[in-house]
Amino acid sequence: MTPVLAMLHALADEASPRDVWWLYGTRNGREHPFAEEARRLLAALPHRHSHIRYSAPDAEDRRTIDFDASGRLDMRALQALNLPRDGDFYICGPSAFMNDLAAELAALGVARDRIHTELFGAGPSITPGVVAPTRPPPHLPAGVPGTGALVSFARSGLSAHFGPAFRNLLELAEACDVPVRWSCRTGVCHTCETALVAGSVRYEPDPIDAAADGNVLICCARPEGDIVIDL
Ligand code: FES
């Protein structure tokens, strides 16, 4: 919950007039952290919508106060809520939950690029620069070569020019089949954080929290000149 709770804090601080939907699913009140804090923050938002589901509520859990409905936060629940399809969706949870929910939102007509996820729990191992057997070796991107800054992927032993086909370093790395790891792709989760060996970058959009000194969030960074990154 912590990444989206941070967003809720930011929205509440500015009493944002935006429509904000806060959807949360858990087992019961004993497994519902930050419940009171989220309620207080939501109260500061004039256009808030909140829906809390407990899959196994305890006898002392109060319906309409602690939670709104029994059951899981799944496709049927989402349909019943009649969510706006043109919103930005930020999903945080275990990978199976996120994958299911993202697929269900897409089935409801939400554009894929409006669905952002952040893993809570164990994820696949991070193996920067280690090529999986089924993955093609790193290569120059297809299409017309870029004419921008030269980006060197140090571990992969590949250098490619940045170009207008890429919005950020992550997209260039993917086009080159350079092994990368990412989750939110919007500068929130830091899953893509990578050492910047040489050069400098600028961010677009600005990340919520800056990368550690000497590192770069490749999902929202573009090179300011020739750079070397530890991928
Ligand atoms: S993928 Fe989340 S910060 Fe880059």
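Residues numbered from 1 in each chain as written. Predicted model: local features only at pLDDT ≥ 70, side-chain atom pairs only at ≥ 80, totals over all residues. Heavy atoms only, no water.

**Observations regarding the pattern of salt bridges**
What counts here: Every case where a carboxyl oxygen of Asp or Glu lies within 4 Å of a side-chain nitrogen of Lys or Arg is listed as a salt bridge. A simple rule labels every residue: compare its accessible area, found with a 1.4 Å probe on the protein chains alone, to the largest value its type can have, and call it buried under 20%, exposed over 50%, or partly exposed in between.
Applying the stated criterion to the full structure yields nine salt bridges. For Glu204, the salt bridge identified is with Arg202, shortest N-O distance 2.7 Å. By relative accessible area, which is 46% here, Glu204 ends up partly exposed. Judged by relative accessible area, which is 36%, Arg202 ranks as partly exposed.

**Regarding the environment of Tyr54**
Keep this limit in mind: We count a stretch as a helix when DSSP gives it H or I for four or more residues in a row; a strand needs E for two or more, and each element gets its number in order from the N terminus. We call two residues contacting when some pair of their heavy atoms lies within 4.5 Å. Under this definition, polar contacts are N or O atom pairs within 3.5 Å; protein pairs additionally need one hydrogen-donor-capable and one acceptor-capable atom, and for neighbouring residues in sequence, both atoms have to be side-chain atoms.
You can see Tyr54 is positioned in strand S2 (residues 48-54). A C-alpha to C-alpha distance of 6.6 Å links Tyr54 and Phe67, two positions 13 residues apart in sequence. Look past the residues within four positions of Tyr54 in its chain and what remains in contact with it is Thr26, Arg27, Asn28, Gly29, His32, Asp61, Asp66, Phe67, Ala69, Ser70 and Gly71. Within the structure, the side chain of Tyr54 is placed 3.4 Å from the backbone oxygen of Asp66, a separation counted as a polar contact.

**Focus on the side chain of Asn168**
Among the structural elements, Asn168 can be located in the loop between strand S7 (158-161) and helix H5 (169-175). A distance of 2.9 Å separates a polar side-chain atom of Asn168 from the backbone oxygen of Cys219. Residues contacting Asn168, with those up to four places away along its chain left out, are Phe162, Ile218, Cys219, Cys220, Ala221 and Arg222.

**Side note on the domain arrangement of the protein chain**
Our working definition: For every domain, the bounds stem from an assignment made automatically or drawn from a database. A 1.4 Å probe defines the accessible area here, and the buried area is the portion of it lost by two parts on being joined, summed over both. Residues are sorted three ways: Asp, Glu, Lys and Arg are charged, Ala, Val, Leu, Ile, Met, Phe, Trp, Tyr, Cys and Pro are nonpolar, and all the rest, Gly among them, are polar.
Partitioning the protein chain into domains gives domain 1 (2-119) and domain 2 (150-229). Domain 1 puts six residues into the contact, and the matching count from domain 2 is six residues. In total, about 480 Å² of surface goes out of reach between domain 1 and domain 2, with carbon and sulfur atoms giving 55% of it. Counting across the interface, domain 1 meets domain 2 through zero salt bridges. Our count for the domain 1 to domain 2 interface comes out at two residue pairs in polar contact (both at pLDDT 80 or more). Those elements that provide at least two residues to the side of domain 1 that touches domain 2 are helix H1 (2-13) and strand S5 (115-119). Ranked by the residues each element gives to the side of domain 1 that touches domain 2, the list is headed by S5, at four residues. A per-class count over the side of domain 1 that touches domain 2 returns three nonpolar, two polar and one charged.

**What about the sheet that holds S2?**
Formally: For two strands to be treated as a pair, DSSP must find at least two bridges joining them.
Strand order in the open sheet made by the three strands is S1-S2-S3, with parallel pairing throughout. Two strands in the sheet have a free side with no partner beyond their single neighbour: strand S1 (20-26) and strand S3 (69-70). With seven bridges joining them, S1 and S2 adopt parallel strand pairing. Within S2, the position partnered with Val20 by the bridge is Arg48.

**Quick notes on the environment of Leu101**
Considering the arrangement of structural elements, one finds Leu101 in helix H4 (residues 95-107). Spatially, the C-alpha atom of Leu101 lies 27 Å from that of Ala173, the residues being 72 residues apart in sequence. Setting aside anything within four residues of it in sequence, one finds Leu101 in contact with Leu73, Leu78 and Ile91.

**Looking at the confidence of the model for the protein chain**
Worth spelling out the cut-off: For every residue, the predictor assigns a confidence score, pLDDT, that lies between 0 and 100.
Averaged over the protein chain, the pLDDT score is 88; the fraction of residues at 70 or greater is 93%. Mean pLDDT values over the elements of the protein chain span from 79, in S5, up to 97, in strand S11 (residues 221-223).

**Details of the packing of aromatic side chains**
Put simply, the rule is: Ring geometry is summarised as follows: Phe, Tyr and Trp rings, the Trp one being its six-membered ring, pair when their centres sit within 6.5 Å, and such pairs are stacked at plane angles under 30 degrees, edge-to-face over 60 and tilted between the two.
According to the stated counting rule, one finds two aromatic pairs in the structure shown. Relative to Phe67, the ring of Tyr54 has its centre 4.8 Å away and its plane inclined at 15 degrees; by these criteria the two rings are stacked. Pair noted here: Tyr54 is in strand S2 and Phe67 is in the loop between S2 and S3, with a separation of 13 residues, a long-range link. Judged by centre distance (6.1 Å) and plane angle (55 degrees), the ring pair of Phe162 and Phe166 falls under tilted.

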